[in-house]
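Observations on chain architecture
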Amino acid sequence: MPNTRPREIPQHAVDRPALRSRLDSGMAAPLSLVVAPAGAGKTVLLTQWALGQPDAIVAWFDIASSDTAVAGFAAELVAGIAAVAPEFLAPSTPVSATAGRLGEAFLEDLAGNLADLGPIVLVFDDLDRLPAGGLLTDLWRMVDLLPPNVHAVFSSRVDLQLGWSRHRLRHGLVEIRQRELAFDTETTAQVLESITGHEVADDLAAAVTARTEGWAVGVQLTALSLRFATEPDHLGEGFTDTDRLVVDYFSEEVLDPMDPARRGALMRLAVLDEVSAGLVEAVADVPGAEFLERLGRDSLFIVPVPSRPGWFRFHHLFRDLLLYRLRATDGPAESRVHQAAADWYAARGEIDDAVECLLRARSWERVLDTVLRSGRDVYEDTRTSTVARWLSSVPEEVRATRPDAELLLAITLSLGGHPVLAASGFHSLLATDALTIGQRQVALSYIAAGVQFEPNAEVFLDSARRALALLQEHPDAELPDLMGLTSRAMLIMTSRVSLARALLLLGRLVEARDALLAAVDSGLLTYAPYRVQTLGCLALVEAMSGRLVSAAGHADEALEAARDFDLLAHPAPSEAFLARAVVAIERDEPAAAAIALSEGELRAAANHRTQLMWIAHLAARMMDLSGTAFDEEPPGPPPPLVRRGLTALELRRSRRRGIPSSPRTPATTWTAVAFEEVAALLASGDAAAARVRLAHFGALTAPVTPLAAVEMELLGGWLCIAEGRRANSRDRFAAALLMAEQERLLHPFTKVGPQIVDALEEAPGGRSEFGRVVTARLRAMASPRDERPVDDLTPRELELLTYLPSRYTVADIAAHCFVSTNTIKTHLGHIYRKLGVTGRDAAIERAIQLGLLDAHETTRLG
């Protein structure tokens, strides 16, 4: 999908001022529509109109049938806008690639960033080449989101059935169809005279108009026939007595009189979608620049590609005729042309175009050779889905002879969010004797990487251990170089981090932390996306362990690295964002978690990392115990860590309703469920049973996390209150406050509830600044606020509201949250609307009135 503003109006094109005026009249609406068959003059009209827009910039998108890869489509859409508006900021939101959609969040971000530009027109030509649904539906949704300064034009050969009636009623949709584009006799005469170079009789112009029904390409083909005919006065006789399509008749009139060498060159060039002078010389063995110039001079249906200076394409129907002739006379020629073009592209370092040509040539071995020789730059530029498509296009029986190709296909499927297909490929390879030790090391390492995508963390833990053992046992094994993804260092890092992820999902946080610290200290974190992911995973483990200061530091380090390497919109920082959210939750600041949680979940979903999506789901439930947030559960069963967390939330909800209940199966180690089990016993007055259970967990030799240590001290203090040992309770609470204050860890106190507040206040440290914050929070739990008389603000909006009294600009807030300024602007607009205000100061004042902001804190910040 090349992008830019059209640069040239085709030679001999006639001006259509009435139609241009109609398009002008639609500029105030979000959309205009041009629908007509091939050759009706849609592109010519839109080119003339676009070049006549003095007050608007135009981004032009030629849609190709290959424009189905969502990530590539999004990248070219953004690049096309930036080409004509360099100040345009690319959306920071990733696309929902695995769902085959751009996604609502990406479209909102795109529309918001477009609002910062001046008047701009987005022309989408040949939209009928996109399949129904998916991207086409996304573009239709985009139109609804466009700000007033943006106008879209959809051009298609067929009616796209997208429900135009709503735009007709609301916006007076401008529609130009075949009946408006059809030439009248006067326009036909202009075209005939322009191409033939001499006057045309009125009756001949009328006859041509009648026979072609004003079809633009039919008129042009007729003009070419007149130009080359030996008896032009008798031309009309040929089409008045025949039922053959006009295009067939006149195409023969154009091609048959042509020099055979020129005709042969044209047929070979028609194999390619687009050609340049250099490519013409490579595949047709003619002087490229001179050949293209003559074609344009002779009006032989070659038009410049709007986005690529020096590149041209044939008119679709003329190209179809040339291809028909080529296939009828020299079938193998098509493959030879594609291979010659692939050589030309490869020599220029344009590997993706080279591979596409080889695929069309069905030169399967050369496809595999080219892909397997490619480095990491090709992998990063083309994305995993494209590499997987290349390899999947090669017949299975051909790939089966090349284990490296099968390995790379499985790797790209895994990284692209298709773990089931990837696992099937890896296991099929491992089941044979065809793999070398090095290839087995690759397969096991990347099987372990599936822990992010699939349940059964125990299985992936075993795979990671097997991979590390094999790497250690055979340190000198020869490894295949698969796009720079299979060096020994990368396999070790992949296996170590996968092992740590499996331990995290199993809830074995101490072991997960040890594994991640070893990975970070190994000196092997040189690949930017892996560095971002590893630091983010470490931050998430630290946050869930209660080491909040360390978690925040590692999360920020990961996000700053992502920003430095232009990876903020990549799935890689998802764990860092989720870690930020968990830090805020454990500090009992759920409103401050909302943006990070949303950004983390969005990136996890972008490549279908379901296990991280489950962690995001748990975090959302922790923020909102009413069960209204993140209601839709991710696919598949939750990992053990999340399952226990959700069970604990249900037990806590029951306890707070005054119906304490124990889990069906008593906990064997200290977990969130173990906390609620003891809390339920204390809430129901069974202090003796609570003492037994606490003694059991206290006797365990396994190291505990800081969070677990605080939780045990709090429950121990509550137990002392239940047993009438208030002095002992103060000691336990003092110890809990001392440990928690270092991390500002509030959530364990609010999990216990307000029943401990008096004893907590009496404890040493209870009157400290941190102690006062804790007790104030517990007392607030006992007296919940009334419902607010405004539309409910979302958690993300509540978080942004807390920034308003500060001196932060919108850019400052965006930088602090590691999101785009447009994301912040969008949510501020929602806040102002819901509060019924028009600006920042008024929003602060209204929020204070409603109790959404603290007046004293506002004064201190302001």
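Check the entry above for the structure.
Residues numbered from 1 in each chain as written. Predicted model: local features only at pLDDT ≥ 70, side-chain atom pairs only at ≥ 80, totals over all residues. Heavy atoms only, no water.

A look at the overall build of the chain
- For the chain, the count of helices and strands is 45 helices and nine strands.
- By the burial criterion, 55% of the 862 residues in the chain qualify as buried.
- For the chain, contacts bridging at least 24 residues in sequence account for 70% of all contacts bridging at least 6. (Helix = DSSP H or I, 4+ residues; strand = E, 2+ residues; numbered from the N terminus. Buried < 20%, exposed > 50% of the residue type's maximum accessible area, 1.4 Å probe, protein only. Contact = heavy atoms within 4.5 Å.)

Quick word on helix α17 (residues 333-347)
- Over its 15 residues, α17 extends 21 Å from the first C-alpha to the last, a length consistent with the 21 Å expected when each residue adds 1.5 Å.
- Every buried residue belonging to α17 is among Ala333, Glu334, Val337, His338, Ala341, Ala342, Trp344 and Tyr345, and all of these are buried.
- Positive backbone phi, approximately 80 degrees, marks glycine 349, located one or two places after α17. (Expected span 1.5 Å × (residues − 1).)

Examining the packing of helix α33 (residues 640-656) against helix α34 (residues 672-683)
- In the contact formed by α33 and α34, the axes pass within 8 Å of each other and the chain directions differ by 15 degrees. Judged by the angle between their axes, α33 and α34 are roughly parallel. Crossing geometry of α33 relative to α34 is assigned as left-handed. In this structure, α33 contributes Arg644, Thr647, Ala648, Leu651, Arg652 and Arg655 to the contact, and α34 contributes Ala672, Val673, Phe675, Glu676, Ala679, Ala680 and Ala683.
- Grouping the amino acids of the contact of α33 with α34 by side-chain chemistry returns eight nonpolar, one polar and four charged. (Axes fitted to C-alpha atoms, helices over the stretch in contact; angles between N-to-C directions. Parallel < 35°, antiparallel > 145°, perpendicular 65-115°, else oblique. Left-handed = near helix turned anticlockwise from the far one by under 90°. Nonpolar A, V, L, I, M, F, W, Y, C, P; charged D, E, K, R; others polar.)

What to know about the pattern of salt bridges
- Tallied over the entire structure, the rule returns 41 salt bridges.
- Here arginine 730 makes a salt bridge to glutamate 762, at a shortest N to O gap of 3.3 Å. On the criterion of sequence distance, the pair formed by arginine 730 in helix α37 (residues 726-743) and glutamate 762 in helix α39 (residues 757-762) is long-range, its members being 32 residues apart.
- Residue arginine 730 is classed as partly exposed on the basis of its relative accessible area of 27%.
- Under the relative-accessibility criterion, glutamate 762 is labelled partly exposed at 42%.
- Residues joined by salt bridges that share partners form a network here, namely Asp758, Glu761, Arg767 and Arg779. (Salt bridge = Lys/Arg side-chain N within 4 Å of Asp/Glu carboxyl O.)

Comments concerning a negative patch on the surface
- Residues Glu193, Glu199, Asp202 and Asp203 make up a contiguous surface patch of negative charge.
- Inspection of the secondary structure assignment puts aspartate 203 in helix α9 (residues 202-212).
- Taking relative accessible area as the criterion, aspartate 203 reaches 59% and is therefore assigned exposed. (Patch = residues over 30% accessible without salt bridge, like charges linked within 9 Å, V, L, I, M, F, W, Y side chains within 5 Å. Areas by Shrake-Rupley, 256 points an atom, 1.4 Å probe, with all protein chains shown as cover. Lys, Arg positive; Asp, Glu negative; His and termini not counted. Charge placed at Lys NZ, Arg CZ, Asp CG, Glu CD.)

Digging into the nonpolar core
- Ranked by size, the top nonpolar core spans 102 residues in total, and within it Leu504, Leu540, Ile615, Trp670, Leu715 and Phe749 carry the most contacts.
- Contact partners of leucine 715, with chain neighbours within four places excluded, come to Trp670, Phe675, Val678, Ala679, Leu682 and Leu694. (Core = buried A, V, L, I, M, F, W, Y, C linked by side-chain atoms within 4.5 Å.)

Description of the packing of aromatic side chains
- Applying the stated rule across the entire model yields eight aromatic pairs.
- Here tryptophan 311 and tryptophan 344 contribute two aromatic rings whose centre-to-centre distance is 6.1 Å and whose plane-to-plane angle is 65 degrees, an arrangement assigned as edge-to-face. Within this pair, whereas tryptophan 311 is found in strand β9 (residues 311-314), its partner tryptophan 344 is found in helix α17, the two being separated by 33 residues in sequence.
- Ring geometry for tryptophan 670 versus phenylalanine 697: centroids 5.2 Å apart, planes at 80 degrees, classification edge-to-face. Residue tryptophan 670 is found in the loop between α33 and α34, and its partner phenylalanine 697 is found in helix α35 (residues 687-699); the two are separated by 27 residues along the sequence. Each member of the pair, tryptophan 670 as well as phenylalanine 697, carries the same accessibility label: buried. (Phe/Tyr/Trp six-rings, centres within 6.5 Å; stacked < 30°, edge-to-face > 60°.)

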